[in-house]
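Breakdown of the fold
Here are the chains, one letter per residue:
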Amino acid sequence: MAVERRQRSPLLPLGLLASWPRVRANLGVMAFVGGWAAAQFMATLYMQETRGWSALATAAAFWPCGVLGLFVAPRMEKLIGRFGVPRILSFGLALTVVAYGLLLPLGLTSGYWPALFPTFALIGIAFAVCFSTLSISATAGVAPERQGVASGLFQSSAQFGTALLVAITTAVNQAVAGPGVHGAMHGYHAALLVPLIAAAAVLVLSLPAAIRRRQPALV
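This section reports on the structure supplied with the text. In this convention, every chain numbers its residues from 1, walking through the sequence in written order. Note on the predicted model: pLDDT of at least 70 is required for a residue's local features to be given, and 80 or more for side-chain atom pairs to be given and counted; whole-chain, interface and lining totals, by contrast, use all residues. Side-chain numbers come from the whole structure's heavy atoms, not from hydrogens or water.

What the protein chain contains, in helices and strands, is 10 helices and zero strands. Helix and strand assignments follow DSSP, with helices taken as H or I runs no shorter than four residues and strands as E runs no shorter than two, numbered in order from the N terminus. Overall, the protein chain shows an N-to-C arrangement of helices and strands of α-α-α-α-α-α-α-α-α-α. Summarising its shape, the C-alpha atoms of the protein chain cover approximately 55 × 45 × 30 Å along the three principal directions. Here the protein chain holds 219 residues, and 42% of them are scored as buried. Across the protein chain, contacts joining residues at least 24 apart in sequence account for 77% of those joining residues at least 6 apart. Here, Shrake-Rupley sampling with a 1.4 Å probe gives the accessible areas, and only protein chains in the shown set may cover a residue. Carbon and sulfur atoms provide 68% of the accessible area of the protein chain, an area that totals close to 11400 Å². When charges are counted, Lys and Arg are positive and Asp and Glu negative, with His and the chain ends excluded. Where a charge lies is defined by one atom per residue type: Lys uses NZ, Arg uses CZ, Asp uses CG and Glu uses CD. With 14 positive and 4 negative side-chain charges, the protein chain shows a spacing of 13 Å between the two charge centroids. Throughout this description, buried means an accessible area under 20% of the type-specific maximum (1.4 Å probe, protein chains only), exposed means over 50%, and partly exposed covers the range between. Contact between two residues is taken to exist if any of their heavy atoms lie within 4.5 Å; hydrogens are not considered.

Before going further, it helps to examine the packing of aromatic side chains. Under the pairing criterion, centres of Phe, Tyr and Trp rings, with the six-membered ring standing for Trp, must be within 6.5 Å; the plane angle then separates stacked pairs below 30 degrees from edge-to-face pairs above 60, leaving the rest tilted. Following the criterion strictly, the structure yields 11 aromatic pairs and no others. Measuring from centroid to centroid gives 5.1 Å for F32 and F127, while their planes differ by 50 degrees, and the two rings are tilted. Taken as a pair, F32 in helix 2 (residues 20-50) and F127 in helix 7 (residues 112-139) lie far apart in primary sequence, 95 residues in all. Overall, the relative accessible area of 3% leaves F32 in the buried class. Using a relative accessible area of 28% as the deciding quantity, one classes F127 as partly exposed. With 5.8 Å between their ring centres and 35 degrees between their planes, W63 and F117 make a pair best called tilted. Taken as a pair, W63 in helix 4 (residues 63-72) and F117 in helix 7 lie far apart in primary sequence, 54 residues in all. Owing to a relative accessible area of 38%, W63 belongs among the partly exposed residues under this scheme. What links up through ring pairs into an aromatic cluster is the set F32, F127, F131 and F154.

Here we take up the nonpolar core. To form a nonpolar core, buried Ala, Val, Leu, Ile, Met, Phe, Trp, Tyr and Cys residues must be joined to one another through side-chain atoms within 4.5 Å. Core analysis: the largest hydrophobic core is formed by 46 residues, its most contacted members being W36, M47, L116, F120 and L134. Looking at this core, the element that brings in the most residues is helix 2, giving 12 residues. Grouped together as the second largest cluster of nonpolar side chains are eight residues, V72, M76, I80 and I136 included.

Looking now at helix 8 (residues 147-176). To estimate how far a helix should extend, the number of its residues minus one is multiplied by 1.5 Å. For helix 8, spanning 30 residues, the distance from its first C-alpha to its last is 43 Å, which sits close to the expected 44 Å at 1.5 Å a residue. For helix 8, the set of buried residues is A150, L153, F154, S157, A158, G161, L165, T169 and N173. Those residues of helix 8 that are buried lie in contact with helix 2, helix 7, helix 9 (180-191) and helix 10 (193-211).

Our focus in this paragraph is empty space enclosed by the protein. Buriedness of a pocket was judged along seven lines, with at least five required to meet protein on both sides within 12 Å; pockets are open sets of points on a 1 Å grid over the protein atoms alone, cavities are sets where a 1.4 Å probe fits but cannot get out, and lining residues have an atom within 4 Å of a point. Grid points are joined across faces, edges and corners, and a volume is the space filled by probe spheres set on the points. Applying the stated rule across the entire model yields one cavity of 30 Å³ or more. Taken together, M42, A43, Y46, L103, L106, Y188 and L192 make up the lining of the largest cavity. Ranked by residue count, the leading element in the lining of the largest cavity is helix 2, at three residues. Class assignment for the residues of the lining of the largest cavity results in seven nonpolar, no polar and no charged. Three classes are used, and their members are as follows: Ala, Val, Leu, Ile, Met, Phe, Trp, Tyr, Cys and Pro are nonpolar, Asp, Glu, Lys and Arg are charged, and the others, Gly among them, are polar.

Here we take up the side chain of R24. Relative to the assigned elements, R24 resides in helix 2. Any Lys or Arg side-chain nitrogen located within 4 Å of an Asp or Glu carboxyl oxygen qualifies as a salt bridge. No salt bridge is formed by the buried R24; the nearest opposite charge belongs to E77, separated by 21 Å. Discounting residues that sit within four places of it in the chain, R24 has contacts with L205, S206 and A209.

This part covers a nonpolar patch on the surface. Taken together, W63, V67, L70, F71 and W113 make up a surface patch of nonpolar side chains, about 580 Å² in accessible area. The biggest single contributor to the nonpolar patch is helix 4, with four residues. Patches here are clusters of residues that have more than 30% relative accessible area and form no salt bridge, with a 9 Å joining cutoff for like charges and a 5 Å cutoff for nonpolar side chains (Val, Leu, Ile, Met, Phe, Trp, Tyr).

What follows is about the packing of helix 8 against helix 9. To get an axis, fit a line to the C-alpha atoms, keeping to the stretch in contact for a helix; angles then go from 0 to 180 degrees between the N-to-C directions. The contact between helix 8 and helix 9 brings their axes to 8 Å, and the two run at 145 degrees. The two elements helix 8 and helix 9 cross, and the hand of that crossing is right-handed. Of helix 9, the residues touching helix 8 (which contributes T169, V172, N173 and V176) are A184, H186, G187, Y188, A190 and A191. Considering only residue class, the contact of helix 8 with helix 9 consists of six nonpolar, four polar and no charged. The crossing is said to be left-handed when, going from far helix to near helix, the turn is anticlockwise and less than a right angle, and right-handed when the turn is clockwise.

Purely spatial values, then, with no claim about function.
If you want it as structure tokens, here you go:
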């Protein structure tokens, strides 16, 4: 940072971090993308190692995450124009918190449709809602010549969040998990609290902007 402050063309102009909504968007994408990567990793371990599903069956189980987002993404511009970025973002984060909460009662005999499908479906919707609104918040108000830097910072935050939250979630799982399948379930339940807490924290940060009088939307 000391070196970059002296450069005429720094890789990351520190002025980009002077905006709280922009900082909040980068923290948000860390928690959102990283949290889903961590939850997806735990769900994969549960399905393959504990339930004995094949790799193909495990991969197929995640179909709602991508398919349902296809129906939401084309409508985002209209929704943002009507309700504003903060409210739509808060809605998506609330869906994420609910989705992770639904995973906590997961058991050794839980069926796919009642136990896993609701979470994967809500995440598929939330991803289309949150990623678009977070990316808008991360680049809104940035000078044209710095749009690339702001976008790069946003994508880097998503990658960093993935590495960080997967590591934390895995560490919690390993610390809590015991022997046998019942011990493994204890580890999964504890580990799944990490993405839940991360999503809830970002939701709390986003609520003040959502409850204020709506400003003209940036689409």
